[in-house]
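A structural walkthrough
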Amino acid sequence: MKSQNSLAILTFVLMLVALYAIFIYAPTERTMGPIGEVQRIFYFHVSSNWTTFLATFFVFLNSILFLMRGTRELDIRAATAAELGTIFGAFGLISGTIWAKPIWGIWWTWDARLTSFFLLWLILIGYQMLRRVVDSPGQRARLSAVFGILAAVDVPIVYMANRWWRTQHPAPVIAGGAGSGLDRQMALTLCITMVAFTVLYFYLWKLRCELERTGDTVEALQRRLQTQGLEVR
Amino acid sequence: MTYLFAAYTIIWVVLFLYIFNLSKRQHKFHEQVTRLERLIENRKKS
């Protein structure tokens, strides 16, 4: 509980620093003209997408470990990571479409980067739907572990999409080769925001895992009472 | 500016609703655990 509170405080402070950097420290984008302020969406957009990748990696890792060891804790970790991946993925999609409207004049286009990311988001939703329809806990954990491993296959495709194909989505500004790059202040702001989102992710992950464990305790106590002949709801 | 405001507002609202929902569910579970433990304790005594 103490470490959870420390993480909550750290998340709060980092978010404040990130917001300061985004709205005050980072310069306004010049090439977008009078709507250059919209570029500030970029910091939350990239960080949300980064966190979605991180969550999918944890789904992948814990799913593999689950198939090897079969413990409930690993199943909890994978499932909660998938839920957070869906939430951060939604943030990425929402911020992306809101940025696209004033810049491209459209909310959405089916280019390789956008479509592959949307697919990743749908896979993460599918993962959770699967968990809801399978009743047997053991079977649910095994099936979702396999699904979780398959979900991770899409991550490198999303990452490489605007490197492999010509897309409406802007070319990569980080590790994008010759001519790419960010202004120093913008790069620092992006780094701070990504760190803040990473810490936020771990805070939410801890909260969500704890909730799942308490839910298990409730179920165990109910079963215990049922074996004693008492029906409890 | 409207788009910028909309993007950040939606993200923060969804995030706060999610955290609120998590803590509400956690609170409910804790109450259930306390109630069930008390029931088990009472059953042991009787």
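Located above this text is the structure these notes cover.
Below or above, wherever it landed, is the structure these notes cover. (Residues numbered from 1 in each chain as written. Chains lettered and ligands numbered in written order. Predicted model: local features only at pLDDT ≥ 70, side-chain atom pairs only at ≥ 80, totals over all residues. Heavy atoms only, no water.)

Topic: the overall build of chain A
In terms of helices and strands, chain A carries 7 helices and 0 strands. What you see in chain A, going N to C, is helices and strands ordered as α-α-α-α-α-α-α. When the backbone C-alpha atoms are referred to their principal axes, chain A occupies close to 70 × 40 × 30 Å. Counting only residues that meet the buried cut, chain A has 47% of its 233 residues in that class. A fraction of 75% describes how many contacts in chain A between residues 6 or more apart in sequence connect residues 24 or more apart. For chain A, the computed accessible surface area is about 11,700 Å², with 66% contributed by carbon and sulfur atoms. Here chain A contributes 21 positively and 14 negatively charged side chains, and the mean placements of these two sets differ by 3 Å. (Helix = DSSP H or I, 4+ residues; strand = E, 2+ residues; numbered from the N terminus. Buried < 20%, exposed > 50% of the residue type's maximum accessible area, 1.4 Å probe, protein only. Contact = heavy atoms within 4.5 Å. Areas by Shrake-Rupley, 256 points an atom, 1.4 Å probe, with all protein chains shown as cover. Lys, Arg positive; Asp, Glu negative; His and termini not counted. Charge placed at Lys NZ, Arg CZ, Asp CG, Glu CD.)

Side note on the overall build of chain B
Within chain B, the secondary structure is distributed over 1 helix and 0 strands. Dimensions of chain B along its principal axes, counting C-alpha atoms only, are 65 × 5 × 5 Å. The 46 residues of chain B split such that 28% are buried. Only carbon and sulfur atoms are counted for the fraction: they give 65% of the accessible area of chain B, which is about 3,400 Å².

Notes on the pattern of salt bridges
Residues and elements named next belong to chain A. Per the stated rule, a full pass over the model turns up 11 salt bridges over all chains. The closest approach of N and O atoms between Asp-216 and Arg-72, which form a salt bridge, is 2.7 Å. With Asp-216 in helix α7 (residues 184-227) and Arg-72 in helix α3 (residues 72-104), the pair connects residues that are 144 residues apart, well separated along the chain. As a salt-bridge pair, Arg-77 and Glu-73 come within 3.1 Å of each other at their nearest N and O atoms. (Salt bridge = Lys/Arg side-chain N within 4 Å of Asp/Glu carboxyl O.)

Topic: a nonpolar patch on the surface
Residue and element names in this part refer to chain A. Among the surface-exposed residues, Ile-9, Phe-12, Val-13, Leu-16 and Val-17 lie close enough to one another that they form a single nonpolar patch of about 480 Å² accessible area. Position of Val-13 among the secondary structure elements: in helix α1 (residues 2-25). For Val-13, a relative accessible area of 43% puts it in the partly exposed group. (Patch = residues over 30% accessible without salt bridge, like charges linked within 9 Å, V, L, I, M, F, W, Y side chains within 5 Å.)

Examining the packing of aromatic side chains
Residue and element names in this part refer to chain A. Taken as a whole, this structure holds 23 aromatic pairs over all chains when the rule is applied. Their ring planes at 15° and their centres at 6.1 Å tell us that Phe-58 and Tyr-201 sit as a pair that is stacked. Residue Phe-58 is located in helix α2 (residues 41-69), and its partner Tyr-201 is located in helix α7; the two are separated by 143 residues in the primary sequence. Each member of the pair, Phe-58 as well as Tyr-201, is classed as buried. (Phe/Tyr/Trp six-rings, centres within 6.5 Å; stacked < 30°, edge-to-face > 60°.)

Let's talk about the nonpolar core
Ranked by internal contacts, the top residues of the largest apolar core, which has 56 residues, are A:Ile41, A:Tyr43, A:Phe44, A:Phe88, A:Tyr201, A:Leu204 and B:Tyr8. Taken together, the elements giving at least two residues each to this core come down to α1, α2, α3, α4 (112-133), α6 (154-164) and α7 of chain A together with α1 (2-45) of chain B. The residues touching A:Phe44, leaving out its near neighbours within four places in the chain, are A:Met15, A:Leu19, A:Ile22, A:Thr193, A:Phe197, B:Tyr8, B:Ile11 and B:Trp12. The next biggest cluster of nonpolar side chains, apart from the first, holds 6 residues, and it includes A:Leu221, A:Leu225, B:Leu36 and B:Ile40. (Core = buried A, V, L, I, M, F, W, Y, C linked by side-chain atoms within 4.5 Å.)

Quick notes on the packing of α3(A) against α1(B)
Where α3(A) meets α1(B), the closest approach of the two axes is 9 Å, and the angle between their N-to-C directions is 165°. With respect to each other, α3(A) and α1(B) are oriented roughly antiparallel. Judged by the twist between their axes, the crossing of α3(A) over α1(B) is right-handed. Residues A:Glu83, A:Leu84, A:Ile87, A:Phe91, A:Ile94, A:Ser95, A:Ile98, A:Lys101 and A:Pro102 of α3(A) lie in contact with α1(B), whose contacting residues are B:Tyr3, B:Ala6, B:Ala7, B:Ile10, B:Ile11, B:Val14, B:Leu15 and B:Tyr18. (Axes fitted to C-alpha atoms, helices over the stretch in contact; angles between N-to-C directions. Parallel < 35°, antiparallel > 145°, perpendicular 65-115°, else oblique. Left-handed = near helix turned anticlockwise from the far one by under 90°.)

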